[in-house]
Amino acid sequence: MIFGARIAAIGIALALGASFAADDAHAERLIVSVSNHRVTVTPNYSGEELVLFGSVEKDDKTPAGRNNYDLVVTVSGPRADMVTRRKERKFGIWVNNDYRQFLKVPTYLAIFSNRPFEAIAPPEVQRRQQLGLNNVLLMQRVGPDYADVVPDDAFRSAFVRLRREHGLYREATSAVTFLTPTLFRTGIPLPAEVPIGTYDVDIKLFADGALVTRTDTAFEIVKVGFEQFVATTARQNGLAYGLVTAFMALMTGWMASIVFRKD
């Protein structure tokens with residue numbers, strides 16, 4: 001009897017799996033592109049804005065009359081470890097009192113939508129789909145543990161605030177524009193101090209508070225000219241780069257001593 005019950009349970013699980021797979025068959029799909037897949041950073045680079053545009057393609061499985069879509073675009077740059085420090089005034093001097101290390105977090109993060117997130121999906125969907133900066137997972141080292149923390153944690157709040165002040169973390173709930181019920185566009189602002197590397201763009205389509213489908217694309221930011229030569233040399237031949245840097249520092253100090261030498 002136990003064996004038979006197990007067989008029945010497996011059969012039910014397979015049936016449910018097939019049902020879920022059928023439900024997950026996308027009735028819509030997203031066609032997207034960006035205006036430039038390769039951004040070059042030159043010595044006089046002062047920032048740029050890319051344009052993401054696309055359309056919602058329907059098929060015969062799309063429910064009749066469905067036209068009220070919501071879109072959330074998440075742009076994330078190269079990941080890196082970062083540290084946020086808390087300073088405290090002691091004996092008239094500001095000193096580092098405590099710190100929090102953020103592990104493999106995006107150096108650039110922008111989340112854009114056509115409406116406020118609470119109007120797009122219920123709270124549990126917002127958390128699961130990481131809609132908004134408050135819901136994005138920012139892994140941290142908290143003592144011996146690794147975890148994300150509540151959005152109003154002092155270190156997390158300070159980290160996000162500082163990144164936003166430099167234009168590297170952004171959130172805008174009216175940045176996506178539907179030109180027609182199925183055609184959309186949004187801008188992706190890139191500040192002057194934008195990090196170099198590959199940027200992932202995740203596009204999620206919602207309807208009636210649920211995720212309908214998603215797609216992704218990417219673009220790259222690269223340095224050109226002398227800056228690229230220096231960066232490549234430092235990465236590929238660290239010893240030579242270090243020796244040249246030390247030699248230039250010595251020569252600069254020697255020249256300064258001659259120029260400002262008093263007779």
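Predicted model only: the values in this text are computed from it and were never measured.

### With respect to the overall build of the protein
Then step 1. In terms of regular secondary structure, the protein is built from six helices and 14 strands.
Then step 2. Across the protein, the fraction of contacts at a sequence separation of at least 24, relative to all contacts at a separation of at least 6, is 67%.

### With respect to unusual backbone geometry
Then step 1. The phi dihedral of Gln130 is positive, around 55 degrees, even though this residue is not glycine.
Then step 2. With respect to the secondary-structure elements, Gln130 resides in the loop between α3 (123-129) and β8 (140-142).
Then step 3. For Gln130, a relative accessible area of 29% puts it in the partly exposed group.
Then step 4. One non-glycine residue, Asp208, lies in the positive phi region at around 55 degrees.
Then step 5. On the basis of relative accessible area, Asp208 is assigned to the exposed category, the value being 71%.

### Examining the confidence of the model for the protein
Then step 1. The pLDDT averaged across the protein works out to 82; a share of 77% of its residues lies at or above 70.
Then step 2. For residues 1-24, every residue scores under 50 in pLDDT, and the model assigns this stretch zero contacts once sequence neighbours within four places are set aside.

### Describing the pattern of salt bridges
Then step 1. Tallied over the entire structure, the rule returns five salt bridges.
Then step 2. One salt bridge connects Asp153 with Arg100, and the closest N-O pair in it is separated by 3.3 Å. Placement of the pair is Asp153 in the loop between β9 (145-147) and α4 (154-165) and Arg100 in strand β6 (residues 93-106), with a sequence separation of 53 residues.
Then step 3. A relative accessible area of 17% means that Asp153 is categorised as buried.
Then step 4. Asp202 is paired through a salt bridge with Lys204; the nearest N and O atoms lie 3.8 Å apart. The burial state of Asp202 is the same as that of Lys204; both residues are buried.

### Considerations on the sheet that holds strand β2 (residues 38-41)
Either a parallel or an antiparallel arrangement is found when strands of a sheet pair, and the pairing is made through backbone hydrogen bonds.
Then step 1. Strand order in the open sheet formed by six strands is β2-β14-β13-β4-β7-β10, and the pairing between neighbours is mixed. A single partner strand is all that each edge strand has here, and the edge strands are β2 and β10 (169-172). Across this sheet, the average inter-strand angle for adjacent strands is 15 degrees, counted without regard to direction.
Then step 2. By the bridge criterion, seven bridges tie strand β4 (residues 70-76) to strand β13 (residues 197-207) in an arrangement that is antiparallel. From the neighbouring strand, Asp70 faces β13, where its bridge partner is Phe206.

### Some details on the side chain of Gln101
Then step 1. Relative to the helices and strands, Gln101 resides in strand β6.
Then step 2. In terms of polar contacts, Gln101 uses its side chain to reach the side chain of Arg141, at 2.8 Å.
Then step 3. Beyond its immediate chain neighbours, meaning those up to four positions away, Gln101 contacts Asp81, Met82, Val83, Met139, Gln140 and Arg141.

How each quantity is defined
Residues numbered from 1 in each chain as written. Predicted model: local features only at pLDDT ≥ 70, side-chain atom pairs only at ≥ 80, totals over all residues. Heavy atoms only, no water. Helix = DSSP H or I, 4+ residues; strand = E, 2+ residues; numbered from the N terminus. Contact = heavy atoms within 4.5 Å. Buried < 20%, exposed > 50% of the residue type's maximum accessible area, 1.4 Å probe, protein only. pLDDT = per-residue confidence, 0-100. Salt bridge = Lys/Arg side-chain N within 4 Å of Asp/Glu carboxyl O. Pairing = 2+ DSSP bridges. Axes fitted to C-alpha atoms, helices over the stretch in contact; angles between N-to-C directions. Polar contact = N/O pair within 3.5 Å; in protein donor to acceptor, adjacent residues only side chain to side chain.

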